[in-house]
Each structure stands twice: as structure tokens, then as C-alpha cells.
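# Architecture and fold: a report
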Amino acid sequence: QVQLVESGGGLVQAGGSLRLSCAASGRTFSSYAMGWFRQVRGKEREFVARISWSGGTTRYADSVKGRFTISRDNAKKTGYLQMNSLKPEDMAVYYCHLLNNWGQGTQVTVSS
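The next subject is the overall build of the protein. Per the secondary structure count, the protein includes 0 helices and 11 strands. Listing the helices and strands of the protein from first to last along the sequence gives β-β-β-β-β-β-β-β-β-β-β. Its C-alpha radius of gyration of 13 Å places the protein within 12% of the 13 Å reference for a compact globule of 112 residues. By principal-axis analysis of the C-alpha atoms, the protein measures approximately 40 × 25 × 20 Å. Per-residue burial over the protein gives 41% buried out of 112 residues. A total accessible area of about 6000 Å² is found for the protein, and carbon and sulfur atoms account for 47% of it. Side-chain charges of the protein comprise 14 positive and 7 negative groups, with the mean position of each set lying 6 Å from the other.

Pasting the structure below:
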């Protein structure tokens, strides 16, 4: 019911920042909570952050708390993940999730 397209990944040095975007189409974006997950090759997909439909409630993995900020613009049907103070441990493919749908993922590479 929902199509998701992530963008904004790339190569950044440790301590730097990136902002990921997730553009949605199909079902009304504002009706559902959305989240971000990440996955390293050979490992399980890991929860990163979640935001309610209204944007009023957020939740973060302990590993990113205080460094990452999830947000959304329902008028633009787009979700965001602002990533600051990036660490090599953050290097992964990041996926947007909404209504049991996944985007194609965007690669985040952090160099030391």
C-alpha cells in the first residue's frame, strides 16, 4: 500500500553529520507511525528510531540516543533521520519502515 524511497546516505568522517530522507507515496503518510532501521552485512536488522503519526512521540535505540533525531513532515509525506556525531559503528544500510513496508535502503559509510 505504501512505497518508500530513502536518500541522503553517503561517506562521512567520524564526528560528521548526515540527514536521511524517506519519501512516501500511496496510503496517507500521516496516518501511521514510521521508523528507521539499519543493517550490517551478515547481521540482523537493528531498530534505530521511531516516530508516531503526529510526531509527538519518539523512541530511539540506546546506541543513537542523543545523537540522532527522527522527524516527519506529513504535508510532504517525508520522514527524516538527522544523524550527528557519527561513529564508525553507525556504518550500515539504513531502511525506512512504515505500515510493514520497507524502502530500498541507503548506505551510510563512516570513516575514522
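Okay, back to it.
Turning our attention to the state of the cysteines. In total, this model carries 1 disulfide according to the counting rule given. Disulfide pairing places Cys22 opposite Cys96 at an S-S distance of 2.1 Å. Its S-S torsion of about -80 degrees marks the bond between Cys22 and Cys96 as left-handed, since a negative value means left-handed. Placement of the pair is Cys22 in strand β3 (residues 18-26) and Cys96 in strand β9 (residues 92-98), with a sequence separation of 74 residues. In terms of burial, Cys22 and Cys96 fall into one category: buried.

Attention now goes to the pairing of strand β7 (residues 68-73). Residues Phe68, Ile70 and Arg72 line the buried face of β7, whereas the alternating positions Thr69, Ser71 and Asp73 sit on a face that is not buried. Of the strand pairs in this sheet, β7 and strand β8 (residues 78-83) are connected by 6 bridges, and their pairing is antiparallel. Bridging across to β8, Ser71 finds its partner in Tyr80. Between β7 and β8, which follow one another and run antiparallel, lie 4 residues, and Lys77 among them has a positive phi close to 55 degrees.

This part is about the packing of aromatic side chains. Summed over the entire model, instances satisfying the criterion amount to 3 aromatic pairs. Consider the rings of Phe37 and Trp102, whose centres lie 5.1 Å apart with planes at 75 degrees: the pair is edge-to-face. Note that Phe37 is positioned in strand β4 (residues 34-39) and Trp102 in strand β10 (residues 101-102), a separation of 65 residues in sequence. Their ring planes at 90 degrees and their centres at 6.5 Å tell us that Tyr95 and Trp102 sit as a pair that is edge-to-face.

Turning next to the side chain of Arg38. Within the secondary structure, Arg38 sits in strand β4. Using a relative accessible area of 6% as the deciding quantity, one classes Arg38 as buried. Side-chain polar atoms of Arg38 contact the side chain of Ser63, separated by 3.4 Å. A distance of 3.0 Å separates a polar atom in the side chain of Arg38 from a polar atom in the side chain of Asp90. Filtering out sequence-adjacent residues up to four positions away, Arg38 remains in contact with Glu44, Arg45, Glu46, Val48, Ser63, Val64, Phe68, Glu89, Asp90, Ala92, Val93 and Tyr94.

It is worth spelling out the pattern of salt bridges at this point. This structure, assessed with the given rule, holds 4 salt bridges. Through salt bridges with shared partners, a single network forms among Arg38, Glu46, Arg67 and Asp90.

What counts and how
- Residues numbered from 1 in each chain as written.
- Predicted model: local features only at pLDDT ≥ 70, side-chain atom pairs only at ≥ 80, totals over all residues.
- Heavy atoms only, no water.
- Helix = DSSP H or I, 4+ residues; strand = E, 2+ residues; numbered from the N terminus.
- Rg over C-alpha atoms; globule rule 2.2 N^0.38 Å.
- Buried < 20%, exposed > 50% of the residue type's maximum accessible area, 1.4 Å probe, protein only.
- Areas by Shrake-Rupley, 256 points an atom, 1.4 Å probe, with all protein chains shown as cover.
- Lys, Arg positive; Asp, Glu negative; His and termini not counted.
- Charge placed at Lys NZ, Arg CZ, Asp CG, Glu CD.
- Disulfide = S-S within 2.5 Å.
- Pairing = 2+ DSSP bridges.
- Phe/Tyr/Trp six-rings, centres within 6.5 Å; stacked < 30°, edge-to-face > 60°.
- Polar contact = N/O pair within 3.5 Å; in protein donor to acceptor, adjacent residues only side chain to side chain.
- Contact = heavy atoms within 4.5 Å.
- Salt bridge = Lys/Arg side-chain N within 4 Å of Asp/Glu carboxyl O.

Such coordinate-based values are descriptive only and should not be taken to indicate function.
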